[in-house]
Amino acid sequence: VAMSTTGDKILDTALSKIGEKSLFTKELENALEKNEVDLVVHSLKDLPTCLPPGFTIGAVCKRENPLDAVVFHPKNCGKTLSLLPEKSVIGTSSLRRAAQLKKKFPHLEFRDIRGNLNTRLKKLDEKEDFSAIILAAAGLKRMGWENRIGHTHADVKELKELFYSVVCFFFQGALAVEVRAKDQEILNMVSALHDPDTVLCCIAERAFMKRLEGGCSVPVAVNTLLTDGQLYLTGAVYSLDGSDSLKETMQTGVGYPHQNEDGPNDNVQHVGITARNVPGQAQEAAENLGVELASLLLSKGAKHILSVARQLNDAC
């Protein structure tokens, strides 16, 4: 069942200005609530940290490339951002991307661009409004358009300090399957799609974002790495112009054995995610990591940075 959402329809306003927390999910969740569908598929970054009552994320699929990608106007093929002329305009719908790039490339200008991939690429290619646009590499790859990627911030030195997204409700590259929390049959079925490593990374990221009370109106970034039973989480907050920022890293052990437990604990949610095939202690550790890292940033002044960012965004 193909559906359009509010976020798909409102294309003349920046996401950070609309003020709706369920831009890309509300219509799908309404259909789920009415039993018109049995499960809905989202980009996990579109799902808020607090889901409506009665819903849960029953599966988080293996993460695709979570990085940002630069797509250049045809006339700029072969260039990098640092080589673009002064005041070249870069299109992005993300405050997080704009804030990070403004700090790194002060000679560039950043302007909002909305629409699906087809729409954005058409705006780039057929007009002279943008020298380049920033997109999620995952979307380009899933559509088979990897050849359009000029570079990502993983393989180009000038972008190596940038993180991937938790902006607008997190995690680029991960797909989420949302179901009715009490629908055990569907919950059991979709749980086979869970990727345990992605689940733990996303629980930490969602907990981090929830503690910060972040969203589309503030530039927040995150980076997770799970290796040898250790989960590393790096989080950062930025002012709108990128001039002020805070960044910290914390880690925790998540190498707990899986224990088969029957009973009410089977459906324990961690920031909206129900993952029976992932050790509960590991999920709890990941959630605590996100909360503790956010609390550390808040203690160092993140609340002021985010508050100013919200006020400036609302005033623009």
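Note that the structure is a prediction, hence the values are computed from the model and not measured.

Thresholds, definitions, all that
- Residues numbered from 1 in each chain as written.
- Predicted model: local features only at pLDDT ≥ 70, side-chain atom pairs only at ≥ 80, totals over all residues.
- Heavy atoms only, no water.
- Helix = DSSP H or I, 4+ residues; strand = E, 2+ residues; numbered from the N terminus.
- Expected span 1.5 Å × (residues − 1).
- Buried < 20%, exposed > 50% of the residue type's maximum accessible area, 1.4 Å probe, protein only.
- Salt bridge = Lys/Arg side-chain N within 4 Å of Asp/Glu carboxyl O.
- Phe/Tyr/Trp six-rings, centres within 6.5 Å; stacked < 30°, edge-to-face > 60°.
- Lys NZ or Arg CZ within 6 Å of the ring centre and 35° of its normal.
- Core = buried A, V, L, I, M, F, W, Y, C linked by side-chain atoms within 4.5 Å.
- Contact = heavy atoms within 4.5 Å.
- Pairing = 2+ DSSP bridges.
- pLDDT = per-residue confidence, 0-100.

Peer 1: What is the right way to read helix H8 (residues 196–212) from this model?
Peer 2: One turn of an α-helix holds 3.6 residues; hence residues three or four places apart share an orientation. The end-to-end C-alpha distance of H8, which contains 17 residues, comes to 25 Å, matching closely the 24 Å that a straight helix rising 1.5 Å per residue would cover. Burial analysis of H8 places 13 of its 17 residues in the buried class, which makes it a mostly covered element. Looking at the residues trailing H8, positive phi occurs at Glu 213, about 55 degrees.

Peer 1: I tried to follow the pattern of salt bridges on my own but got confused; where do I start?
Peer 2: Two side chains carrying opposite charge are able to pair once their charged atoms lie near each other. According to the stated counting rule, one finds 8 salt bridges in the structure shown. Residues Glu 64 and Lys 141 are paired through a salt bridge, measuring 3.2 Å at the closest nitrogen-oxygen approach. Placement of the pair is Glu 64 in the loop between strand E2 (55–60) and strand E3 (68–72) and Lys 141 in helix H6 (residues 137–142), with a sequence separation of 77 residues. In this structure Lys 141 comes out as partly exposed when scored by relative accessible area, which is 37%. Notably, a salt bridge pairs Lys 75 with Glu 128, separated by 2.8 Å at the nearest N-O pair. Taken together, the residues Lys 75 in the loop between E3 and strand E4 (89–91) and Glu 128 in the loop between helix H5 (117–126) and strand E6 (132–136) connect sequence positions 53 residues apart. Judged by relative accessible area, which is 52%, Lys 75 ranks as exposed. Look at the salt bridges and you will find they share partners, linking Asp 38, Arg 180 and Asp 183 into a network.

Peer 1: Looking at this structure, how should I read the packing of aromatic side chains?
Peer 2: For any pair of aromatic rings, the description rests on two quantities: the centre-to-centre distance and the angle between the ring planes. For the coordinates displayed, the defined rule picks out 0 aromatic pairs. Above the face of the Phe 130 ring, Arg 111 is positioned so that its terminal group lies 5.8 Å from the ring centre.

Peer 1: I'm lost on unusual backbone geometry in this one. Help?
Peer 2: It is generally the case that most residues other than glycine have a negative phi and that most peptide bonds are trans. Of note in this structure, Lys 87 is not a glycine but carries a positive phi near 65 degrees. Summarising the element assignment, Lys 87 is placed in the loop between E3 and E4. At Asp 228, a residue that is not glycine, the phi angle is positive and equals roughly 50 degrees.

Peer 1: I would appreciate a short explanation of the environment of Pro 74 in the present structure.
Peer 2: Examined against the element boundaries, Pro 74 turns out to sit in the loop between E3 and E4. Its relative accessible area of 44% is what places Pro 74 among the partly exposed residues. Between the C-alpha atom of Pro 74 and that of Leu 124, which follows or precedes it by 50 residues, the distance is 8.6 Å.

Peer 1: Explanation requested: the nonpolar core in the structure shown.
Peer 2: As a rule of thumb, nonpolar side chains are buried together in soluble globular proteins. By size, the foremost hydrophobic cluster in this structure holds 42 residues, and its most contacted members are Leu 44, Ile 57, Val 60, Phe 208, Val 220 and Val 237. Of all the secondary-structure elements, those providing two or more residues to this core are E2, H8, strand E10 (220–227), strand E11 (230–238), helix H9 (280–299) and helix H10 (302–315). The greatest single-element share of this core, amounting to 10 residues, is contributed by H8. Once residues within four sequence positions are removed from consideration, Val 60 is found in contact with Leu 44, Ala 174, Leu 175, Leu 193, His 194, Asp 195, Thr 198, Val 199, Cys 202 and Ile 273.

Peer 1: How do you make sense of the pairing of strand E1 (residues 40–43) when you look at a structure like this?
Peer 2: Regular strands have side chains that alternate between both faces of the sheet. Residues of E1 alternate between two faces, with Val 40 and His 42 buried on one and Val 41 and Ser 43 left unburied on the opposite face. Where E1 meets strand E9 (residues 175–180), 4 bridges bridge the pair, whose relative direction is antiparallel. Within E9, the residue paired with Val 40 across the bridge is Glu 178.

Peer 1: Sorry, what's going on with the pairing of E2 here?
Peer 2: The buried fraction of E2 amounts to 6 of the 6 residues, a majority that puts the element mostly inside the structure. Note that E2 and E9 share 5 bridges and pair antiparallel. Paired with Ala 59 across the two strands is Val 177, which belongs to E9.

Peer 1: Hey, could you run me through the confidence of the model for the protein chain in this one?
Peer 2: Caution applies to low-pLDDT parts of the model: their predicted coordinates are not meant to be read in detail. The predicted model of the protein chain averages 82 in pLDDT, with 82% of residues at 70 or higher. Low pLDDT, under 50, characterises residues 15–19; the stretch is placed with 17 contacts to residues that sit more than four places away or in other chains. Segment residues 153–171 is flagged for pLDDT under 50; beyond a separation of four residues in sequence, or across chains, it makes 88 contacts in the model.

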